[in-house]
Amino acid sequence: MASELCKTISVAKLEKHKNLFLNYRNLHHFPMELLKDEGLQYLERLYMKRNSLTTLPEDLAQKLPNLVELFWSPFLLETGAGFHDLVWTLKNFSRAQGLIPSHRYLHSNNIVVVPEAIGSLVKLQCLDLSDNALEIVCPEIGRLRSLRHLRLANNQLKFLPPEVGDLKELQTLDISTNRLLTLPERLHMCLSLQYLTVDRNHLWCVPRHLCQLPSLNELSMAGNRLAFLPLDLGRSRELQYVYVDNNIHLKGLPSYLYNKVIGCSGCGSPIQVSEVKLLSFSSGQLTVFLPAEVKSIGTETDHVLPLQELAMRSLYNTYYKLIKDLNFLSPISLPKSLLELLLCPLGHCHRCSEPMFTIVYPKLFPLRETPMAGLHQGRTTVSFVAYCCSTQCLQTFDLLS
């Protein structure tokens, strides 16, 4: 095996290969033959999958200056090697200035924590840490400003650091099959995010700020504990695919989703309202749960808005549309929660787009009574919910028009 390895490396040096495949070699140590002489200056991609390496040499960058991709996936730890070995590897790897691969595949291991050293790989574009035992993602991940694809599926994560919102180039985020209870509000600052997969977690709510993602095209949240969705979900024209299958408490979909591709099988299962302590709205035999931020529900007979709602709409229309900067408001002018509402309203009227802050006027349209019923063939009992800002909009809203 050793002689065969040396022969492979010698040929690569002689013929100035750009790609070198050392997969499935049962390597326990990095082959030093790679670093001898100056023969591998042209090497760009080094494949070392399914070996048992625990460390990388510190002078790797100097010896292989043109290396842009290093494939060592899955990263198989030696028997007895623990997490500290992995941390040491990443720290030493990050010190090797000049070597910043565009892809890192470290899936199918037993990594528990994403170490701080990961933040040094500032040119990293793809990071796959799926199928590990991750419990913590360090805040330094926010320093990966070139990162486009982040995959953390099938781990033990209960939360994500707010610094994920600093990933302005991020296009794909897969955090399915974890233990997440909610998503960081700053996630809406990932302006390039197109595909977000959060299937099979413990989510009970989705931040309304998520609706502000300008590039989001596909959102998948199947198999969670969602009982309601943000009022504005689907308002963005970019968002075309939304999957919320098997959220059994979920009974209402914002009417903005009516013309989207949606998956909602297994939603709306019979359940007693008392089992879920949320504000609910009923119409006939239909009941839907509303977001926790909704303070009151308007009806066709409520022609006068609550004073707080009138004040919020007045503030919004007077100031926000003029300068779109609420920093001029003194911190004591309004409670923090109301200031946040001015920056990100509860939702916008599904009839006239007027912002709403504390009260909504809902109207239900059972999916089974719409032309979409045939697509779902009785696999769901959800209703589309039109959230309106007044009795007038409530009376004139028509889902099918």
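Within each chain, residues carry numbers counting from 1 in the order of the written sequence. Owing to the predicted nature of the model, reporting of local features is limited to residues with pLDDT of at least 70; listing and counting of side-chain atom pairs is limited to 80 or more, with chain, interface and lining totals taken over all residues. The side-chain figures draw on all heavy atoms in the structure; neither hydrogens nor water molecules are used.

### Things to note about the nonpolar core
- With 81 residues, the main nonpolar core has Leu253 and Phe384 as its most contacted residues.
- Numbering of helices and strands starts at the N terminus; helices are DSSP runs of H or I of at least 4 residues and strands are runs of E of at least 2. Elements represented by at least two residues in this core include exactly β16 (286-289), α4 (307-323), α5 (336-343), β20 (359-366), β21 (383-388) and α7 (391-396).
- Ignoring sequence-local partners within four residues, the contact set of Leu253 consists of Leu229, Val244, Ile262, Cys264, Val382, Ser383, Phe384 and Val385.
- Put simply, buried Ala, Val, Leu, Ile, Met, Phe, Trp, Tyr and Cys residues joined by side-chain atoms within 4.5 Å make one nonpolar core. Remark: exposure states derive from per-residue accessible area (1.4 Å probe, protein chains only) relative to the maximum for the residue type, with buried under 20%, exposed over 50%, and partly exposed in between. Among the nonpolar cores identified, the runner-up in size contains 12 residues, and Leu5, Ala12, Leu34 and Leu46 belong to it. In this analysis, two residues are considered to be in contact whenever any of their non-hydrogen atoms come within 4.5 Å of each other.

### Brief notes about unusual backbone geometry
- Residues other than glycine seldom take positive phi values, yet Tyr24 does so here, at roughly 55 degrees.
- Structurally, Tyr24 is set in the loop between β1 (19-21) and β2 (45-47).
- Of note, Arg200 is a non-glycine position whose phi angle comes to about 55 degrees, a positive value.
- Mapped onto the secondary structure, Arg200 falls in the loop between β10 (195-197) and β11 (218-220).

### Some thoughts on the side chain of Lys260
- When you line up the elements, Lys260 lands in the loop between β13 (252-254) and β14 (261-263).
- For the charge count, each Lys or Arg is scored as positive and each Asp or Glu as negative, with His and the chain ends excluded. We define a salt bridge as a contact between a side-chain nitrogen of Lys or Arg and a carboxyl oxygen of Asp or Glu at a distance within 4 Å. No salt bridge is formed by the buried Lys260. Its closest oppositely charged neighbour is Glu238, at 9.1 Å.
- At a separation of 3.0 Å, a polar atom in the side chain of Lys260 contacts the main-chain carbonyl oxygen of Ser236.
- In this view, Lys260 contacts Gly234, Ser236, Arg237, Leu239, Gln240 and Met372; residues no more than four positions away in its chain are not counted. Think of a polar contact as two N or O atoms within 3.5 Å of one another; within protein, one of them needs to be a possible hydrogen donor and the other a possible acceptor, and neighboring residues in sequence only count if both atoms come from side chains.

### Here we look at the packing of aromatic side chains
- Between 30 and 60 degrees the pair is tilted, below 30 it is stacked and above 60 it is edge-to-face, where a pair is any two Phe, Tyr or Trp rings, Trp via its six-membered ring, whose centres lie within 6.5 Å. The final tally for this structure, using the stated rule, is four aromatic pairs.
- With a centroid separation of 6.4 Å and an interplanar angle of 80 degrees, the aromatic rings of Trp204 and Phe228 are classed as edge-to-face. Pair noted here: Trp204 is in the loop between β10 and β11 and Phe228 is in the loop between β11 and β12 (241-243), with a separation of 24 residues, a long-range link.
- Residue classification places Trp204 among the partly exposed residues on the basis of a relative accessible area of 43%.
- Overall, the relative accessible area of 5% leaves Phe228 in the buried class.
- Ring geometry for Tyr316 versus Phe357: centroids 5.7 Å apart, planes at 55 degrees, classification tilted. Of this pair, Tyr316 sits in helix α4 while Phe357 sits in the loop between β19 (355-356) and β20, and the two are 41 residues apart along the sequence.
- What makes Tyr316 buried here is its relative accessible area of 9%.

### Digging into the pattern of salt bridges
- Here the structure, examined in full by the defined rule, presents four salt bridges.
- Two residues, Arg186 and Asp166, come together in a salt bridge whose shortest N-O distance is 2.6 Å. Note that Arg186 is positioned in the loop between β9 (172-174) and β10 and Asp166 in the loop between β8 (149-151) and β9, a separation of 20 residues in sequence.
- Classification of Arg186 as partly exposed rests on a relative accessible area of 30%.
- The residue Arg208 makes a salt bridge to Glu293 at a minimum N-O spacing of 3.3 Å. Here Arg208, found in the loop between β10 and β11, pairs with Glu293, found in the loop between β16 and β17 (296-297); they are 85 residues apart in sequence, far enough to count as distant.
- Given a relative accessible area of 12%, Arg208 falls into the buried group.

### Quick notes on helix α1 (residues 2-14)
- Along its 13 residues, α1 runs 18 Å from first to last C-alpha, staying within 8% of the 18 Å computed at 1.5 Å per residue.
- Against the buried residues of α1 lie β1.
- Within two residues after α1, Lys16 carries a phi angle of roughly 55 degrees, on the positive side. By this rule the span expected of a helix is its residue count minus one, scaled by 1.5 Å.

### Describing the pairing of β21
- Where burial is concerned, most of β21 is hidden: six out of the six residues are buried.
- Neither face of β21 is exposed, since Ser383, Val385 and Tyr387 on one face and Phe384, Ala386 and Cys388 on the opposite face are all buried.
- Should DSSP find at least two bridges between two strands, the strands are regarded as paired. Relative to β21, β13 runs parallel, the two sharing three bridges. Counterpart to Pro254 in the pairing with β21 is Val385.
- Here β20 runs beside β21; their pairing, made up of six bridges, is antiparallel. By the bridge assignment for β21, Pro362 is matched with Tyr387.

Read these as geometric descriptors, not functional statements.
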